[in-house]
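A closer look at the structure
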2 protein chains.
Amino acid sequence: MSNPIVDFLSKYIDLTQEETDIVTNQDMMRSYKKGTILLSEGKIAKECFFILQGCVMSYYLVDGEFKVTEFFTESQPITPVSYTTKKPSEYFLECMEDCIISLGTPERSAELMSKLPRLAAMGASIMEDQLANQRMKYDEFIKLSPEDRYQNLQKTSPDLLNRVPQYLIASYLGIKPETLSRIRKRLYS
Amino acid sequence: MSNPIVDFLSKYIDLTQEETDIVTNQDMMRSYKKGTILLSEGKIAKECFFILQGCVMSYYLVDGEFKVTEFFTESQPITPVSYTTKKPSEYFLECMEDCIISLGTPERSAELMSKLPRLAAMGASIMEDQLANQRMKYDEFIKLSPEDRYQNLQKTSPDLLNRVPQYLIASYLGIKPETLSRIRKRLYS
DNA sequence: CCTGTTCATTGACTTGAGTCAATAAATTCA
DNA sequence: TGAATTTATTGACTCAAGTCAATGAACAGG
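Quick caveat, the model's predicted, so the values are computed rather than measured.

**Observations concerning the sheet that holds strand 1 (residues 29-32) of chain A**
All names here are of chain A.
- Across the sheet, four strands lie side by side as 1-8-3-6; this open sheet has antiparallel pairing. Taken across any chain shown, the strands that pair with only one partner, and hence form the sheet edges, are strand 1 and strand 6 (77-78).
- For strand 3 (residues 48-53) and strand 8 (residues 99-104), the ladder comprises five bridges, and the chain directions are antiparallel. Across the sheet, Gln53 pairs through a bridge with Ile100, a residue of strand 8.

**Quick look at the nonpolar core**
- Counting 44 residues, the largest nonpolar core has Phe71 of chain A together with Phe71 of chain B as its most contacted members.
- Split by domain, the residues of this core number at least three in each of domain 1 (4-135) and domain 2 (144-189) of chain A.
- Ignoring anything within four residues of it in the chain, the contact list for Phe71 of chain B reads Cys55, Val56, Met57, Gln76, Leu160, Val164, Leu168, Ile169 and Tyr172 of chain B.

**Examining unusual backbone geometry**
- A positive phi angle, close to 70°, is found at Ser75 of chain A, a residue other than glycine.
- Looking at the element boundaries, Ser75 of chain A is found in the loop between strand 5 (65-72) and strand 6.

**Observations concerning the protein's contact with DNA strand D**
- What surrounds DNA strand D is a group of 16 residues, the closest being Thr179 and Arg186 of chain A together with Gln166, Tyr167 and Arg182 of chain B.
- Backbone atoms, meaning sugar and phosphate, form 69% of the atoms of DNA strand D found within 4 Å of the protein.
- Side-chain polar atom of Arg182 of chain A to a base oxygen of DNA strand D: 3.3 Å apart, as the coordinates give it.
- Separating a phosphate oxygen of DNA strand D from a side-chain N or O atom of Arg186 of chain A is a distance of 3.1 Å.
- At five residues, the largest contribution of residues to the surface near DNA strand D is made by helix 9 (residues 177-187) of chain B.
- In terms of residue class, the surface near DNA strand D is made up of four nonpolar, four polar and eight charged.

**Structural notes on the pairing of strand 4 (residues 56-62) of chain A**
Residue and element names in this part refer to chain A.
- Where burial is concerned, most of strand 4 is hidden: five out of the seven residues are buried.
- Pairing analysis gives seven bridges linking strand 4 to strand 5, with the strands arranged antiparallel. Across the sheet, residue Val56 finds its bridge partner in strand 5, namely Phe72.
- Looking at chain direction, strand 4 and strand 7 (residues 92-95) are connected through four bridges and run antiparallel.

**Description of the packing of helix 6 (residues 146-156) of chain B against helix 9 of chain B**
Residues and elements named next belong to chain B.
- Look at helix 6 against helix 9: their axes get within 10 Å of each other, and the N-to-C directions meet at 75°. Comparing their axes, helix 9 and helix 6 come out roughly perpendicular. Residues Pro146, Glu147, Tyr150 and Gln151 of helix 6 touch helix 9, and the partners they reach there are Leu180, Ile183, Arg184, Arg186 and Leu187.

**Focus: helix 8 (residues 166-173) of chain B**
All names here are of chain B.
- Within helix 8, six of the eight residues are buried, which leaves it mostly tucked inside the rest of the structure.
- For helix 8, the full list of buried residues reads Leu168, Ile169, Ala170, Ser171, Tyr172 and Leu173.
- Positioned one or two residues after helix 8, Gly174 has a phi angle of 85°, which is positive.

**A look at the protein's contact with DNA strand C**
- Among the 16 residues in the neighbourhood of DNA strand C, the closest are listed as Gln166, Tyr167 and Arg182 of chain A together with Lys176 and Thr179 of chain B.
- Looking at DNA strand C alone, sugar and phosphate atoms form 67% of those within 4 Å of the protein.
- A distance of 3.3 Å separates a phosphate oxygen of DNA strand C from a polar side-chain atom of Arg186 of chain B.
- Residue assignment for the surface near DNA strand C shows that the elements contributing at least two residues are helix 8 (166-173) and helix 9 (177-187) of chain A together with helix 9 of chain B.
- Top element by residues in the surface near DNA strand C is helix 9 of chain A. It accounts for five residues.

Cut-offs applied
- Residues numbered from 1 in each chain as written.
- Chains lettered and ligands numbered in written order.
- Predicted model: local features only at pLDDT ≥ 70, side-chain atom pairs only at ≥ 80, totals over all residues.
- Heavy atoms only, no water.
- Pairing = 2+ DSSP bridges.
- Helix = DSSP H or I, 4+ residues; strand = E, 2+ residues; numbered from the N terminus.
- Core = buried A, V, L, I, M, F, W, Y, C linked by side-chain atoms within 4.5 Å.
- Buried < 20%, exposed > 50% of the residue type's maximum accessible area, 1.4 Å probe, protein only.
- Domains from an automatic or database assignment.
- Contact = heavy atoms within 4.5 Å.
- Near = heavy atom within 4 Å.
- Polar contact = N/O pair within 3.5 Å; in protein donor to acceptor, adjacent residues only side chain to side chain.
- Nonpolar A, V, L, I, M, F, W, Y, C, P; charged D, E, K, R; others polar.
- Axes fitted to C-alpha atoms, helices over the stretch in contact; angles between N-to-C directions.
- Parallel < 35°, antiparallel > 145°, perpendicular 65-115°, else oblique.

Structure follows, in C-alpha cells:
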C-alpha cells in the first residue's frame, strides 16, 4: 500500500523497505474540517504539515483585508516561517476544504533523523528545491502583468481555479476581484 | 585572522579550530571587475558564490528590458537556481562593483562535506533560513505598495540606495524610474 | 424548495503607474 | 578640464487597476 509521504521522499532518494516502514509507522495524521485555522497570526507554529488530501491557503490580514500568498494542495509540505524561526507567525494557514494532513514536530523529526541518517542530507535537497520554487514564484510575480499571471495560473494549476473562489484567486494574483472579473471578460468574449 | 565564510557558518554551528582551518584552506576566491557577468541567461551555472566584497545583481531580460530581482552584498551566499537544477539559467548575475567572491563547486562542496560531516546537517538549516527570507520578500511584495516598498528598503538597506543607481532600484521595486522619481518627490518635498 | 448569504459581474468614476519626450544633473574618462 | 554618456527629473497624456455601488448568479441551510 502506497504512502504519499514515502512517494514524496522517493523523489530525493530511494528508500529501503525498512526505511519505508519507519516512515510509514511514525507517520501521524489528522483530519480537519473546511475552514479550520491551522495557524493564526501571532501564534508560534509548533508543527509543520504535509497535505495528504485537501487544500490549505496562507494569507495575511492587512487592515482587515486578505492578502493570499499561497495555496497548498496534495503532496505539498508546508513549513511555516514561524516553525523555523520560533517567532509569532505573521500569517494564517486555513483549510479551504476538508483536509487530511500529516503533522511534523521538531521532536519527531529529530527522532526520524536519528533512525534514518540519510534523511538529514536529503533535508538540504528538499529545502533547496523549495527555495528554487519560491524564487521562481517571486520572479514570475515581478516579471508578469496580472493578466499574464492569470493565464499562467490557468496553465500550471487549472484545478485551483475550480477548487477556490475567484475573489481569493484575485488576491493571490495581487489584484481585486472586480479586476479579475474584467480580465476574464477581456480574454474570453 | 577572521574569514567571512567562517563567520557565516558560525551563525549555524560553532566550528572547532580544525574545522575552521579546513574551511579557510579549501576556500577559493577570485576578484571581478565591475560589470562582469557571473552567469548569463541560457548558461548552466557551474558555481555558486559567496560575496566577500562588493555587490552582485540578479536580473531577467524580458523583451529587452531589465527586471531586477535581487541585490547581493557582503557575506551573502548566492546559489543560482541553475546551479541546483543543472538547467540553463533564466537570469543574469552581474557585478555592480568590483567584487571579491568565493566560489563553490559541487565537487569541492562534496569534498568539504566528507571532511566535515557536521556541515551536511547545517546545509538544511542554511537553506531553511534562505527559504524563510525569500518567502518574506515575496510576501512583502504582495502586501506593500511601491511607495511602501521604497520606504521599507530605505529602512532595511539604506546603503543599497547609495551603491546602486536609482533606475535599477526602481526595477527592483517593480516600477519605472520615472515613477520612483515621483514617489521620492511626493515623500520628500 | 425557498430564503439568506456569499460570490461574481457590470457600470461610472478616480487614481496611480506607464509612456513618450524633453531637459537637467551627475559621472566617466580621454 | 571639458565633452560624451549615463542617470535623474519633469511635464503632458494614456491606460489599467482601484473604488463605490448596484445587480445577478450560485450555493448552503433550514
